[in-house]
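# Secondary and tertiary structure notes
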Amino acid sequence: MCNLYSLNRPQDEIRRWFDVSRDSAGNLPPMPGIFPDQMAPVILGGREGRELTMMRWGIPGPKAYGEQPVTNVRNVKSPHWRPWLKPEFRCLVPVSSFSEYADTKPRKTPVWFALDDDRPLFAFAGIWRPWTGVRGTKKENPDRVEEEHRLFSFLTTEANGVVGPVHPKAMPVLLTTKEACGMWLEAPTEEALRLQRPLPDGLMKEVARGERHDGEAQG
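Residues numbered from 1 in each chain as written. Predicted model: local features only at pLDDT ≥ 70, side-chain atom pairs only at ≥ 80, totals over all residues. Heavy atoms only, no water.

## So, the overall build of the chain
Within the chain, the secondary structure is distributed over three helices and 16 strands. In terms of overall dimensions, the chain is globule-like: its C-alpha atoms have a radius of gyration of 17 Å, near the 17 Å expected for 219 residues. In the chain, which comprises 219 residues, the share counted as buried stands at 49%. If you take every contact in the chain between residues at least 6 apart in sequence, the share linking residues at least 24 apart comes to 69%. As presented, the chain carries roughly 11,200 Å² of accessible surface, and 50% of it is formed by carbon and sulfur atoms. (Helix = DSSP H or I, 4+ residues; strand = E, 2+ residues; numbered from the N terminus. Rg over C-alpha atoms; globule rule 2.2 N^0.38 Å. Buried < 20%, exposed > 50% of the residue type's maximum accessible area, 1.4 Å probe, protein only. Contact = heavy atoms within 4.5 Å. Areas by Shrake-Rupley, 256 points an atom, 1.4 Å probe, with all protein chains shown as cover.)

## Digging into the pattern of salt bridges
Under the criterion given, the structure shown has eleven salt bridges. As a salt-bridge pair, D23 and R15 come within 2.6 Å of each other at their nearest N and O atoms. With a shortest N-O distance of 2.8 Å, R135 and D37 are connected by a salt bridge. Residue R135 is found in the loop between β12 (122-133) and β13 (147-157), and its partner D37 is found in the loop between β3 (31-34) and β4 (39-44); the two are separated by 98 residues along the sequence. (Salt bridge = Lys/Arg side-chain N within 4 Å of Asp/Glu carboxyl O.)

## Section: the side chain of N8
Relative to the elements of secondary structure, N8 occurs in the loop between β1 (5-7) and α1 (11-17). Only 2.6 Å separates the side chain of N8 from the backbone oxygen of D214, close enough to count as a polar contact. (Polar contact = N/O pair within 3.5 Å; in protein donor to acceptor, adjacent residues only side chain to side chain.)

## Observations regarding the nonpolar core
In terms of nonpolar packing, the biggest core is built from 61 residues, with Y5, F98, F124, F152, L175 and W184 touching the most fellow members. It is β12 that contributes the most residues to this core, six residues altogether. Excluding anything up to four places from it in sequence, W184 contacts L85, R90, C91, L92, A125, G126, I127, L155, L175, A192, L193 and L195. (Core = buried A, V, L, I, M, F, W, Y, C linked by side-chain atoms within 4.5 Å.)

## Regarding the packing of aromatic side chains
Using the criterion set out here, one finds twelve aromatic pairs in the structure. A ring pair is formed by F122 and F124, whose centres lie 6.1 Å apart and whose planes are at 70°; its orientation type is edge-to-face. Like F124, F122 is buried. Taken together through their ring pairs, the aromatic side chains of Y5, W57, F98, F113, F122, F124, F152 and F154 make up a single cluster. Above the ring of W184, the side-chain terminus of R90 is found at 5.4 Å from the ring centroid. (Phe/Tyr/Trp six-rings, centres within 6.5 Å; stacked < 30°, edge-to-face > 60°. Lys NZ or Arg CZ within 6 Å of the ring centre and 35° of its normal.)

## Some thoughts on the sheet that holds β1
Sheet strands line up and pair through hydrogen bonds in the backbone, either parallel or antiparallel. Taken in spatial order, the five strands line up as β3-β1-β10-β11-β16 in an open sheet, and their pairing is antiparallel. Bordering the open sheet on either side are β3 and β16 (205-209), each of which pairs with just one other strand. Ignoring which end each strand starts from, the neighbouring axes of this sheet average 30° apart. Where β1 lies against strand β10 (residues 97-102), two bridges are found, and the strand directions are antiparallel. Directly across from S6, in β10, lies its bridge partner S97. (Pairing = 2+ DSSP bridges. Axes fitted to C-alpha atoms, helices over the stretch in contact; angles between N-to-C directions.)

## Details of unusual backbone geometry
Peptide bonds are mostly trans, and most non-glycine residues show a negative phi. In this chain, K105 is followed by P106 through a cis amide linkage whose omega measures 5°. With a phi close to 75°, D37 is a non-glycine residue in the positive phi region. Assessed through its relative accessible area of 23%, D37 is described here as partly exposed. A positive phi angle is found at R119, which is not glycine, with a value near 55°.

## Focus on the side chain of H167
One can find H167 in the loop between β13 and β14 (171-172). The class for H167 is buried, based on a relative accessible area of 16%. Polar side-chain contacts of H167 include one of 3.0 Å to the backbone oxygen of A170.

## A look at the environment of D201
Inspection of the secondary structure assignment puts D201 in the loop between α3 (189-192) and β16. Taking the C-alpha atoms as reference points, D201 and V163, 38 residues apart in sequence, are found 8.7 Å from one another. Leaving out residues up to four positions away in the same chain, D201 has contacts with N160, G161 and V162. Of the polar contacts made by the side chain of D201, one reaches the backbone nitrogen of G161; its length is 2.9 Å.

Written out as structure tokens, the structure is:
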């Protein structure tokens with residue numbers, strides 16, 4: 001389960017690569033370690049073009065499981081997730097690398113994966129939803145006030161041969177071409193869900209090991 005990723009490419013490069021026409025994300029710093037419940041950039045589609053904006057990572061899960069925030073979604077047939085798989089609730093989560101934890105002793109070891117050593121941009125296949133409740137750290141929301149939020153998660157699939165030796169259960173759905181990104185944002189649901197598959201082994205690699213952050217800004 002991917003609960004750590006990084007985004008270290010320049011903001012202008014993010015806008016260009018994802019064909020963003022509106023940027024409401026503010027000034028993005030390098031983000032070498034993005035963790036659950038943090039604010040992070042996502043890209044929305046729409047009739048007026050794509051928007052780069054900020055959302056909080058983790059959508060509440062089913063009531064039967066306590067509505068705990070879910071960062072990774074695998075079961076797309078679940079009635080809980082189905083409403084958010086419509087095109088208007090799909091998003092792209094820009095990424096330069098992501099981490100899984102190797103089951104080492106005495107503590108688990110972060111292992112970072114990217115498309116190659118230069119950490120070029122790609123996207124997780126994301127979903128988002130509006131939600132009202134208490135979120136954020138105690139520093140962000142010390143009085144634990146209910147507020148309106150926009151929350152995102154992303155899809156996972158079976159692990160490929162690169163991720164599997166570290167985390168055999170699953171890996172994120174990676175979108176590495178502009179065509180795949182457009183399909184995820186715009187295609188009918190059943191067609192878009194064909195993208196829920198592991199990336200071929202030859203298109204990615206392990207790039208670092210041992211730290212809970214990955215690199216600095218590039219370019």
